[in-house]
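Observations on chain architecture
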Amino acid sequence: GDSVTQMEGPVTLSEEAFLTINCTYTATGYPSLFWYVQYPGEGLQLLLKATKADDKGSNKGFEATYRKETTSFHLEKGSVQVSDSAVYFCALSDLGGSQGNLIFGKGTKLSVKP
Amino acid sequence: EPEVTQTPSHQVTQMGQEVILRCVPISNHLYFYWYRQILGQKVEFLVSFYNNEISEKSEIFDDQFSVERPDGSNFTLKIRSTKLEDSAMYFCASSVRQRGNTIYFGEGSWLTVV
């Protein structure tokens, strides 16, 4: 079945460092891909999305490009801030399969130190 | 910006008791969902609901669980005879369409079964 694999955390970075969180997927259909963020004590918030191959989603300085050839959707940010400390979830929604719901990765906890 | 709202934010219940978690989805959305996140684990799909009936459910969503849209705005998750392993954050979510559409989450209801 469909699945999402994220790099294991936790990830600890200094402020202004470059961030990459790897995400790869398997899907039977043509998935849309998402990054959700969960700040401490809060719910899930959509960070960015891409609905087809080569699309780039971006928001708040974060970017991710939908790479069909490598089945990847890696999250990047050029300069992280303390306020980016959160858990980041990669997810897919499969258009071609029977599921319209989201399938999540395990989440990657990011801690940014001043 | 419209948002999904959930109540209660936190509930403590004794094992064996029934719990009802409530949600108000975004008003023009047609698909409603419940997800669950056990502490430290992956966010898991429970059920999706459309046109007053369940459209999909996971293997987690057994006879202990039920969902209902009792009026035009609320969407509820009932957990009968709660068990310790039901302790989790329960997220309600909604979307305009099911396939490939952005799913918006509430802030979650944290259920603790003691």
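Residue positions within a chain follow its written sequence, with the count starting from 1. Ligands are numbered from 1 and chains lettered from A, in the order in which they are written. Whole-chain, interface and lining totals are the exception, using all residues; otherwise, since this is a predicted model, local features are given only for residues with pLDDT of at least 70 and side-chain atom pairs are given and counted only at 80 or more. Just so you know, side-chain values use all the structure's heavy atoms and leave hydrogens and water out.

1. Concerning the state of the cysteines
Two cysteines joined by a covalent bond between their sulfur atoms form a disulfide. Counting rule for disulfides: a pair of cysteine sulfur atoms within 2.5 Å. Under the defined criterion, the tally for this structure stands at 2 disulfides over all chains. The residue that forms a disulfide with Cys23 of chain A is Cys90 of chain A, at a sulfur-sulfur distance of 1.9 Å. Here Cys23 of chain A and Cys90 of chain A share a disulfide; its torsion about the S-S bond, -70 degrees, makes the bridge left-handed. Here the residue Cys23 of chain A occupies a position in strand β4 (residues 23-26), and Cys90 of chain A occupies one in strand β10 (residues 86-94), the gap between them amounting to 67 residues. For Cys23 of chain A, a relative accessible area of 1% corresponds to the buried category. By relative accessible area, Cys90 of chain A is classed as buried at 0%. Between the sulfur atoms of Cys23 of chain B and its disulfide partner Cys92 of chain B the distance amounts to 1.9 Å. Here the disulfide of Cys23 of chain B and Cys92 of chain B is left-handed, its torsion about the S-S bond being about -70 degrees. Pair noted here: Cys23 of chain B is in strand β3 (residues 19-24) and Cys92 of chain B is in strand β9 (residues 88-95), with a separation of 69 residues, a long-range link. In this description a helix means any DSSP run of H or I spanning at least four residues, a strand means any run of E spanning at least two, and both kinds are numbered starting from the N terminus. Burial status follows relative accessibility: with a 1.4 Å probe on protein chains alone, a residue under 20% of its type maximum counts as buried, one over 50% as exposed, and anything between as partly exposed.

2. Details of the packing of aromatic side chains
The rule is short: rings of Phe, Tyr and Trp, with Trp giving its six-membered ring, pair when the centres are within 6.5 Å, and they are stacked under 30 degrees, edge-to-face over 60, tilted in between. Applying the stated criterion across every chain yields a total of 17 aromatic pairs over all chains. For the ring pair Phe62 of chain A and Tyr88 of chain A, a centre distance of 5.5 Å and an interplane angle of 40 degrees mean the geometry is tilted. Of this pair, Phe62 of chain A sits in strand β8 (residues 62-65) while Tyr88 of chain A sits in strand β10, and the two are 26 residues apart along the sequence. Among the residues examined, Tyr88 of chain A registers a relative accessible area of 0% and is labelled buried. Grouping aromatic residues by their ring pairs yields a cluster made of Phe34, Tyr36, Phe89 and Phe104 of chain A together with Tyr33, Tyr35, Phe45, Phe91 and Phe105 of chain B.

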